[in-house]
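# What the coordinates show
Here are the chains, one letter per residue:
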Amino acid sequence: MERAACERLDRECPLANCRERFSLPEGVLYFDGNSLGALPRTAAADIDRVVREEWGQGLIESWLDADWFYLAREAGDEIAPLIGASAGEVIVADSTSVNQFKLAASLLRQSEGRSRVVTERVNFPTNIYILEGLVDLFETRFDLVLAEPGDLAGSIDNDTALVVLTHVNFRTGAMHDMAAITAHCRERGVPVIWDLSHSAGAVPLALNQWGVEYAVGCTYKFLNGGPGAPAYIYVAESAIAAFEPAMTGWFSHANQFGFEDRYRSAEGIEKCLVGTPPILSLRAVMHGVRCFDGLAMDDVVRKSRRLSELLIRLVDEGLPGGSLALASPREPAKRGSQVSFRHAHAYPVSKALRAANVVVDFREPDILRFGIAPLYMRYVDVWDAADALVRVMTTESWKAHMSDTPDPVT
Ligand SMILES: *Cc1c(COP(=O)(O)O)cnc(C)c1O
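In this text the structure is predicted, and so the values were computed from the model without any measurement.

## Notes on the overall build of the chain
- Scanning the chain from N- to C-terminus turns up 13 helices and 15 strands.
- Its C-alpha atoms give the chain a radius of gyration of 22 Å, near enough to 22 Å, the size a compact globule of 410 residues would have.
- Oriented by its inertia axes, the alpha-carbon framework of the chain measures out at about 70 × 55 × 40 Å.
- The buried share of the chain, reckoned over its 410 residues, is 53%.
- Look at the contacts in the chain between residues 6 or more apart in sequence, and 73% of them connect residues 24 or more apart.
- Charged side chains of the chain number 40 positive and 55 negative; the gap between the two group centres comes to 4 Å.

Next up, the structure:
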């Protein structure tokens, strides 16, 4: 495939103009939009205005005059259509890890008689760590089960109190069948929390249609909310009435400014709030999510798959000896918006690519990960990155990075 063919694909792409919605550095091929999304073009000036006017001039009045008080809910309502949820089912607060704790603690506290907490060994570690801490907190009441890949369905039984899964695997990009697993759990009366961090904004999600009751996810990846932006939490309308929050802060009180002596939970999704929201970051989340305005999710998903397939094909063609093994599923419907390869020296390879202005991730122990952000990635970017990768591998320029000290962030 020639580069000119990619230029043509870019011209014909229904999302071609979306790249204009972002402010991207010149000359960088950015394959980390699944780790930290790009800066929405409208964000910087608006946040500057929020700081100077709403904070500087409006001061405390801005809680109402600038709607700060409703922002967490408003941001949730904007995220809802991207994940197949309805307004009032999503709210933005805290980090994904903290939201995972909030949901899991609440559901475990409400669980009766069941003892197994099931997740996967390959889950994103924060989910496992959070569950470990929680199981300890409940002392002897629960056991944590780390299911091996392929053995997940068999690990979920009538003694399972809770299942926690990540939809798209952070290393390989393998994507679970969320509808089927949710149905399997619900038939056994097991609540399941889905982590959508690597899914929202890039893969098809239909939470309501799939009967999903609980989910969390972060906003700084494909949703472009900015570094450390607060995460979201979803509880289906059908589940919210019975949901009793375990972390009971004043922002989830039924009468917050009544300053009552005792806790009484709010009725709706505000049950999932705890304390004062980070307004500046929340504003950035609004800009990130609004980059999806007017786009059809089908077009986004189609482009993600085409870009991914192009990368796989160019690497297959350019490195026929198989010096890089595809770690992601080949079947598009089983893959999230990323393409991962395995290589025994994946870290030096990632450093050599960065030296060639191709920003990718290394993930322990042997994964080279290309995140595919369909809103701003071009077909020519994939062509150029594959070209750089083939060159790094065939010239073995990665060997110059063999003794690089590992960065504290990869
Ligand atoms: C990125 C990511 C997180 C991040 O959690 P934070 O608490 O926001 O740092 C959580 N879960 C998954 C699956 C992720 O990919």
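## Some details on the side chain of Asn-123
- Its location among the elements puts Asn-123 in the loop between strand S5 (116–120) and helix H6 (125–137).
- In this structure the side chain of Asn-123 is engaged in a polar contact, spanning 2.5 Å, whose partner is the side chain of Thr-166.
- When residues no more than four places from it in sequence are discounted, the contact partners of Asn-123 are Ile-128, Val-164, Leu-165, Thr-166 and Phe-170.

## Notes on the packing of helix H12 (residues 346–355) against helix H13 (residues 379–395)
- Following both chains from N to C, one finds H12 and H13 inclined at 125°, their axes separated by 10 Å at the closest point. When the axes of H12 and H13 are compared, the pair comes out oblique. The chirality of how H12 crosses H13 is right-handed. Contacts between H12 and H13 involve Val-349, Ala-352 and Leu-353 on the former and, on the latter, Ala-388, Leu-389, Val-392 and Met-393.
- Looking at the contact of H12 with H13, its residues break down into seven nonpolar, no polar and no charged.

## Thoughts on the pattern of salt bridges
- The final tally for this structure, using the stated rule, is 31 salt bridges.
- In this structure, the salt-bridge partner of Arg-391 is Asp-387, at a minimum N-O distance of 2.4 Å. Within this pair, Arg-391 and its partner Asp-387 are both found in helix H13, separated by four residues, close to a single helical turn.
- Each of Asp-32, Arg-354, Asp-361, Arg-363 and Arg-369 takes part in a single network of salt bridges with overlapping partners.

## Here's the deal with the pairing of strand S12 (residues 338–342)
- Of all five residues in S12, four are buried; the element is thus mostly enclosed.
- Where strand S11 (residues 325–326) meets S12, two bridges bridge the pair, whose relative direction is antiparallel. Paired with Ala-325 across the bridge in S12 is Arg-342.
- For S12 and strand S15 (residues 367–371), the ladder comprises five bridges, and the chain directions are antiparallel. In the sheet register, Ser-340 faces S15, and the bridge partner there is Arg-369.

## Quick look at the environment of Glu-244
- With respect to the helices and strands, the residue Glu-244 is situated in the loop between helix H9 (237–240) and helix H10 (279–290).
- The partly exposed category is assigned to Glu-244, whose relative accessible area is 44%.
- Spatially, the C-alpha atoms of Glu-244 and Gln-110 are 7.7 Å apart, while their sequence positions differ by 134 residues.
- Each residue touching Glu-244, except ones within four places of it in the same chain, is listed here: Ser-106, Arg-109 and Gln-110.

## A word on the site of the ligand
- All residues adjacent to the ligand are Ser-95, Thr-96, Ser-97, Phe-124, Thr-126, Thr-166, Asp-195, Ser-197, His-198, Cys-218, Tyr-220 and Lys-221.
- Measuring from a nitrogen atom of the ligand, one finds a side-chain N or O atom of Asp-195 at 2.7 Å.
- For the ligand, an oxygen atom lies 2.5 Å from a polar atom in the side chain of Lys-221.
- Isolated, the ligand exposes 390 Å² of accessible area, and the fraction of that covered by the protein chains is 87%.

Cut-offs applied
Residues numbered from 1 in each chain as written. Predicted model: local features only at pLDDT ≥ 70, side-chain atom pairs only at ≥ 80, totals over all residues. Heavy atoms only, no water. Helix = DSSP H or I, 4+ residues; strand = E, 2+ residues; numbered from the N terminus. Rg over C-alpha atoms; globule rule 2.2 N^0.38 Å. Buried < 20%, exposed > 50% of the residue type's maximum accessible area, 1.4 Å probe, protein only. Contact = heavy atoms within 4.5 Å. Lys, Arg positive; Asp, Glu negative; His and termini not counted. Charge placed at Lys NZ, Arg CZ, Asp CG, Glu CD. Polar contact = N/O pair within 3.5 Å; in protein donor to acceptor, adjacent residues only side chain to side chain. Axes fitted to C-alpha atoms, helices over the stretch in contact; angles between N-to-C directions. Parallel < 35°, antiparallel > 145°, perpendicular 65-115°, else oblique. Left-handed = near helix turned anticlockwise from the far one by under 90°. Nonpolar A, V, L, I, M, F, W, Y, C, P; charged D, E, K, R; others polar. Salt bridge = Lys/Arg side-chain N within 4 Å of Asp/Glu carboxyl O. Pairing = 2+ DSSP bridges. Near = heavy atom within 4 Å. Areas by Shrake-Rupley, 256 points an atom, 1.4 Å probe, with all protein chains shown as cover.

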